[in-house]
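Chain by chain, the residues run as shown.
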Amino acid sequence: MGILRPRAYPTKLFFNAADHTYVECGSGGMAWGCWGGKTGGRALREANGSTKRADAIAGPKERAGITCYLINGVCHQAANRVLFPARITVVGARGYSLSSAIFGVYGRPRGPLGTCSAPFDQHPGVSGDLSACLHGVRAGYEEPTDDDAGEAHGPPDFEDAAYMAEVNALYQDRYLRALGDDADAYGFQMQHFALLVQHKERTTPLSLQRGEREALMIARSDFEKNRIDAEQALAATRDPLAFADAFDALTLKFQDDAAEALSAEHYRDLLDLSPEERIVLADPDIVASAYGLNPSGPAAT
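Note that this is a predicted model, so its numbers are computed, not measured. (Residues numbered from 1 in each chain as written. Predicted model: local features only at pLDDT ≥ 70, side-chain atom pairs only at ≥ 80, totals over all residues. Heavy atoms only, no water.)

A. Examining the overall build of the protein more closely. When you go through the protein residue by residue, the secondary structure sums to 10 helices and five strands. Its C-alpha atoms give the protein a radius of gyration of 18 Å, near enough to 19 Å, the size a compact globule of 301 residues would have. With respect to the principal axes defined by its C-alpha atoms, the protein has extents near 55 × 45 × 35 Å. Burial analysis of the protein (301 residues in total) assigns 55% to the buried set. Of the contacts made within the protein by residues no fewer than 6 positions apart, 75% connect residues no fewer than 24 positions apart. For the protein, the accessible area works out to roughly 12200 Å², and carbon and sulfur atoms hold 54% of it. (Helix = DSSP H or I, 4+ residues; strand = E, 2+ residues; numbered from the N terminus. Rg over C-alpha atoms; globule rule 2.2 N^0.38 Å. Buried < 20%, exposed > 50% of the residue type's maximum accessible area, 1.4 Å probe, protein only. Contact = heavy atoms within 4.5 Å. Areas by Shrake-Rupley, 256 points an atom, 1.4 Å probe, with all protein chains shown as cover.)

Encoded structure:
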């Protein structure tokens, strides 16, 4: 059985943005960019998993079915899909809890009016390992060091078996229905967020009072409704840069609303960010490559 290893590095925005993540196999002979670069960065963890299956999930463009950037997800969701055979995620990358709150572990099913459909093909019939992952080293590979992983910002997702069982069931049921139904697409996101909150309550000191929980869910619902409006504006205007700016603004507002709803300690427990921190998820370089060459709409796999 091969080894899969997620890596993370800061984007050019550095302090104001989430890390970019990608996946490599244990030998360093193969890596999947997950919408961005695939060299450098610190290793987050590693685990055994079929590298052939990971490669099948990643697909030829290495985006793992995350069809439209900022609509179905970002690099975190693409990397998590590639890592599926190893039962690990990119926990520990900066911004991952915020990304999970907004897109879910494995991404969002679709955009407005049925666009950007992003089925998660897990390729259960594929096994074994790529020859490149058993022999040889690719250009740009850096051997992991003892200092690479450090402490994750919260426990790894799969250490909470109940959470990942519920997440996987959600992707096998409501996610599939949401691919063809706008109402279910909204409901899927809200249900996934509720699972994330429960996960944090089981694995961190987070313990929400009724009023906090209600205010937090309102903030998340407002984000989802406003996100849908922004995506519909993108479909009408074909202006991806305006959409990226709008998405960043909504992401910052969600953090403001969450900070207002929660105590400082609870905010940190939920999002793995200090109460005064505000970050964005959009990587400007990836936005340019995903949308810049296709002014008529989002790039697709």
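B. Structural view of the confidence of the model for the protein. Of all residues in the protein, 93% attain a pLDDT of 70 or more, and the chain-wide mean is 91. In the model, residues 293–301 has pLDDT below 50 throughout and makes 23 contacts with residues more than four positions away in sequence or in other chains. (pLDDT = per-residue confidence, 0-100.)

C. Representation of the state of the cysteines in the model. Tallying each qualifying case throughout the model produces two disulfides. Shown here is the disulfide that connects C25 with C133, its sulfur atoms set 2.3 Å apart. Judged by the sign of its S-S torsion, about -95°, the cystine formed by C25 and C133 is left-handed. Of this pair, C25 sits in strand β2 (residues 20–25) while C133 is found in the loop between α3 (96–103) and α4 (161–172), placing the two residues 108 residues apart along the sequence. Like C133, C25 is buried. (Disulfide = S-S within 2.5 Å.)

D. Just helix α2 (residues 75–82), in detail. The element α2 is extensively covered by neighbouring structure, given that eight of its eight residues are classed as buried. All buried positions along α2 are accounted for by C75, H76, Q77, A78, A79, N80, R81 and V82. Elements in contact with the buried residues of α2: β1 (3–9), β2, β3 (31–32), α1 (51–58), α3 and α5 (174–178).

E. Layout of the pairing of β1. By the criterion of burial, β1 is predominantly enclosed, with five of the seven residues buried. Where β1 meets β2, six bridges bridge the pair, whose relative direction is antiparallel. Within β2, the position partnered with L4 by the bridge is C25. The pairing of β1 with strand β4 (residues 42–43) spans two bridges and is classified as antiparallel. Bridge pairing in β4 links R7 to A43. (Pairing = 2+ DSSP bridges.)

F. Spotlight on the pairing of β2. For β2, a buried count of six out of six residues is recorded, marking the element as mostly surrounded by other parts of the structure. Because side chains alternate across β2, one face comprises the buried residues H20, Y22 and E24, and the other comprises T21, V23 and C25, equally buried. In this sheet, β3 lies alongside β2 in antiparallel orientation, the contact comprising two bridges. From the neighbouring strand, E24 faces β3, where its bridge partner is A31.

G. Seen up close, the packing of aromatic side chains. All told, the structure shown has 14 aromatic pairs when counted by the stated rule. Centre to centre, the rings of Y106 and Y171 are 5.5 Å apart; their planes meet at 80°, and the pair counts as edge-to-face. Taken as a pair, Y106 in the loop between α3 and α4 and Y171 in helix α4 lie far apart in primary sequence, 65 residues in all. Like Y171, Y106 is buried. Positioned over the ring face of W35 is R63, at 3.8 Å from the centre of the ring. Over the aromatic face of F193 sits the side chain of R220, whose NZ or CZ is 5.8 Å from the ring centroid. (Phe/Tyr/Trp six-rings, centres within 6.5 Å; stacked < 30°, edge-to-face > 60°. Lys NZ or Arg CZ within 6 Å of the ring centre and 35° of its normal.)

H. Helix α9 (residues 264–271), seen in detail. For α9, the set of buried residues is H266, Y267, D269, L270 and L271. In the core, the buried residues of α9 are packed alongside α3, α6 (182–203), α7 (210–237) and α8 (240–261). Following α9 by one or two positions, D272 has its phi on the positive side, about 55°.

I. Expanded view of unusual backbone geometry. Positioned with a positive phi, L70 is a non-glycine residue whose angle comes to about 75°. Residue placement: L70 occurs in the loop between α1 and α2. The buried category is assigned to L70, whose relative accessible area is 0%. In this structure, H123 takes a positive phi of about 50° despite not being glycine. Along the polypeptide, H123 turns up in the loop between α3 and α4. With a relative accessible area of 24%, H123 lands in the partly exposed category.

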